[in-house]
Amino acid sequence: MKQFGIFLFLFFPLIQLSAQAEIPQDFFKSPLEIPLTLAGSFGELRSNHFHSGMDLKTNQQTGLNVLAAGPGYISRIKVQQWGFGKAIYIQHPNGYTTVYGHLKEFSPEIKAYVRKRQYEKESFEVELFPSENELPVNEGQLIALSGNTGSSGGPHVHFEIRDNQQRPMNPMLFGLDIKDTRKPIITGLYAYPVGGSAYVNNVAERQKIRLIPLQDGTFKTETINAFGKIGFGISTVDQMNFEPNKNGAYKIETICNGSQHFEMIFDKFSFAESGYINRMIDYSYYKENDKRIQKLFLEPNNELSIYSNVVNKGLIDIGPDEDYIFIIKVSDFAGNSNIIRIPIEAKQSDTVKFMEPAKTDYFAAANQSTVFEEGIFDVYIPKDALYEDTYLNISIEGETIHLHEATTPLHKNLTLGFDVGNYSEEDRKQLCIVRTYPWGSKYYVTTRKEGNRFTTHTKTFGTYTLGTDDVPPKIVPVNFSDGKWISNNETLSLKITDDFSGISAYRATVNGKFILMEYNHKTDLITYEFSDGIATETENKLKVIVTDNVGNSSVFEAVFYRK
């Protein structure tokens, strides 16, 4: 086995990109008054996207002060049930934008600004774009209290820094101080034969490679026998000091025989490219095992900008009598790193079994749109929705379509249509499209109704059928009763639930006047604050209408009294 001068290269200090010299290091300050610790890192692998910011821990509680990270003005405010929940966007004079998400409530001035527009629109969900002079802020100014609104899984503040093209950047590049002396954790290594004639250890499919831990915490593997084009993938997470959260790695690079071969670095990306995560990971393995493998090589139709210094698409082309030392280095932003050393020997074999892709009657090319029609169903797959040409497995049983396998990723939504002409117009009102899972559970999917044709847009292959929802939502008062005095109440709360298709809309009035009720989907509560000053009479007639996604509605009416 040949020896290569690789070790000096590996232990060079972490070198930041030259462009980072232009990134301000002291402009942005911490948005919290406590030491920063992370529940989620920039670029972390999420479902169908990369994490676009940092999730800052708030000591497992809500209500901490959230401060403007720098001077500027509030350029956008968004309030929604999902996503970031309550969020503030600040435009700064240096061209950057900071984002603060999952907020509990806004500071008094901002809250009054938002409340006025919510009442004008008669909607809890709003998106506002204040002008430069409406809501200016200074560095360190209180803008909100931390919360758990939107799609968050626990109390924290989602914090982003975006460039002048609204591309999220790694906030660590701007000098924020977060202590980290722990190196990344590597939990799995996988080898991938690529093309029709490659193999690893006499097998032409993905192979898990055993990692051998060394005393210094790094890894090696046994010698791999391979031939043809092969690539590697790893499962890795990063943990910061004293924190159990499994965050994403900052940088992954490979070195082949002493020369850099591939680099993946999470400094910046655009929202438009984030969906390509499903091409970068081994999507089928993820769907089957709930574990993400990051491929360290490029396949066709992968347009991520996080790659650099890529040689031969990250692949090794192993010919006769060729040996390699392949090294994978995983680093966090603080420069802590972990390494796998992989010796590879060329070995040809005549006993390898190569699997031919199963052909079906339904072929979809990646570079063109495709339409299938079968029975009451039609399927439209747009151009570039698939990452590669695919033979689809499609079967039909009555009103149910088994539309390929959920292990195949889609980059764009396909459209699935149902002909419901055999149903009466009255029956169609409660009819909808549902997705059925292998364990039997059925879930409503957004259904568009146009005459005899129902459609849904989805980025997930699977089993779909028609279902019926004829049960209206339930409305139950929480902190009051009909006909009672509630002079000491600061709020008015009701619980709204739906047993199938989910809540679509709600509206509440007191004495015929619209009242703003904030909806928390985690607790199923809608809440009105009496400080809004709408319910001012002694006798107050409350009316609440709640509608589900199919169109079933419930009405709740009550009278309450206040001094």
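Scroll up a little and you will see the structure.
What this report covers is the structure whose coordinates are included nearby. Here, residues in each chain are numbered from 1, in the same order as that chain's written sequence. Selection of residues for local features in this predicted model requires a pLDDT of at least 70, selection of side-chain atom pairs for listing and counting requires 80 or more, and totals for whole chains, interfaces and linings are taken over all residues. To get the side-chain values, all heavy atoms of the structure are used, and hydrogens and water are removed first.

### Regarding the overall build of the protein chain
Threshold: Here a helix means four or more residues in a row that DSSP labels H or I, a strand means two or more in a row labelled E, and each is numbered from the N terminus. For the exposure calls, accessible area comes from a 1.4 Å probe over protein chains only, and a residue counts as buried if that area is under 20% of its type's maximum, exposed if over 50%, partly exposed in between. In this analysis, two residues are considered to be in contact whenever any of their non-hydrogen atoms come within 4.5 Å of each other. For the purpose of charge, His is not counted, nor are the chain termini; Lys and Arg are scored as positive and Asp and Glu as negative. Taken as the charge location is NZ of Lys, CZ of Arg, CG of Asp or CD of Glu.
Per the secondary structure count, the protein chain includes five helices and 46 strands. Summarising its shape, the C-alpha atoms of the protein chain cover approximately 90 × 65 × 40 Å along the three principal directions. Counting over 563 residues, the protein chain shows a buried share of 51%. Within the protein chain, residue pairs in contact and separated by at least 24 positions form 68% of the contacts whose partners lie at least 6 positions apart. Averaged over its 57 positive side-chain charges, the protein chain has a centre that lies 3 Å from the centre of its 69 negative ones.

### Some words on the layout of surface pockets
The test is simple: A cavity, in this analysis, means grid points on a 1 Å lattice covering only the protein atoms where a 1.4 Å probe fits yet has no way out; a pocket is instead an open set bounded by protein on both sides within 12 Å along at least five of seven lines, and a residue lines either one if it has an atom within 4 Å of a point. Grid points are joined across faces, edges and corners, and a volume is the space filled by probe spheres set on the points. Residues were grouped as follows: Ala, Val, Leu, Ile, Met, Phe, Trp, Tyr, Cys and Pro as nonpolar; Asp, Glu, Lys and Arg as charged; and all remaining residues, including Gly, as polar.
Volume-wise, the largest pocket comes out at about 1,800 Å³. Along the walls of the largest pocket sit 41 residues, with S284, E299, M355, P357 and E388 positioned nearest its centre. Elements represented by at least two residues in the lining of the largest pocket include exactly strand 14 (185–200), helix 3 (277–280), helix 4 (283–289) and strand 29 (390–392). Among the elements that line the lining of the largest pocket, the one with the most residues is strand 14, at five residues. Here the lining of the largest pocket is composed, by residue class, of 18 nonpolar, 11 polar and 12 charged.

### What about empty space enclosed by the protein?
The final tally for this structure, using the stated rule, is two cavities of 30 Å³ or more. Approximately 180 Å³ is the volume found for the largest cavity. Lining of the largest cavity is provided by 17 residues; of these, S41, M172, D238, G248 and F333 occupy positions nearest its centre. Among the residues making up the lining of the largest cavity, the classes are represented as 10 nonpolar, four polar and three charged. The volume enclosed by the second largest cavity comes to roughly 40 Å³.

### Let's talk about the nonpolar core
The line we're drawing: For the purposes of this section, nonpolar cores are sets of buried Ala, Val, Leu, Ile, Met, Phe, Trp, Tyr and Cys residues that join through side-chain atoms within 4.5 Å.
Ranked by internal contacts, the top residues of the largest apolar core, which has 68 residues, are I88, I143 and L542. Those residues in contact with I143, other than ones at most four positions away along the chain, are V66, L67, A68, I88, I90, Y100, F106, S107, I110 and V137. Grouped together as the second largest cluster of nonpolar side chains are 42 residues, F42, A226, F266 and I306 included.

### Considerations on the pairing of strand 36 (residues 453–460)
So the rule is basically this: Here the rule is simple: two strands pair whenever DSSP picks up at least two bridges between them.
In this sheet, strand 36 lies alongside strand 32 (residues 409–419) in antiparallel orientation, the contact comprising seven bridges. Bridge assignment links L416 to a residue of strand 36, and that residue is T456. Pairing geometry for strand 35 (residues 448–450) and strand 36, over three bridges, is antiparallel. Pairing of R448 across the sheet is with T455, part of strand 36.

### Looking at the sheet that holds strand 44 (residues 525–529)
Inclusion rule: Between N-to-C directions, angles cover 0 to 180 degrees, with each direction set by a line fitted to C-alpha atoms, over the stretch in contact for helices.
In space, the four strands of this open sheet follow the order 38-40-44-43, with antiparallel pairing throughout. In this open sheet, the two strands that pair with only one neighbour each are strand 38 (474–477) and strand 43 (518–520). Along the sheet, successive strands turn relative to each other by an average axial angle of 25°, direction set aside. Summarising the sheet, strand 40 (residues 491–497) and strand 44 pair through five bridges and their orientation is antiparallel.

### A closer look at helix 2 (residues 108–121)
What counts is decided by this rule: A helix is expected to span 1.5 Å multiplied by its residue count minus one.
The first and last C-alpha atoms of helix 2 sit 20 Å apart over 14 residues, in line with the 20 Å expected at 1.5 Å per residue. Every buried residue of helix 2 is listed here: I110, Y113, V114, R115, R117, Q118 and Y119. Trailing helix 2 by a residue or two, E122 shows a phi angle of about 50°, which is positive.

### Section: the pattern of salt bridges
How we decide: A carboxyl oxygen of Asp or Glu within 4 Å of a side-chain nitrogen of Lys or Arg is what we treat as a salt bridge.
All told, the structure shown has 22 salt bridges when counted by the stated rule. Between R507 and E122 there is a salt bridge; the shortest N-O distance is 2.7 Å. With R507 in strand 41 (residues 503–510) and E122 in the loop between helix 2 and strand 9 (126–128), the pair connects residues that are 385 residues apart, well separated along the chain. Given the relative accessible area of 39%, E122 is considered partly exposed. With a closest N to O distance of 2.8 Å, R167 and D163 form a salt bridge. If you follow the salt bridges from partner to partner, you end up with K111, R115, E529 and D532 in one network.

Fair warning: the whole summary comes from geometry, so function is off the table for now.
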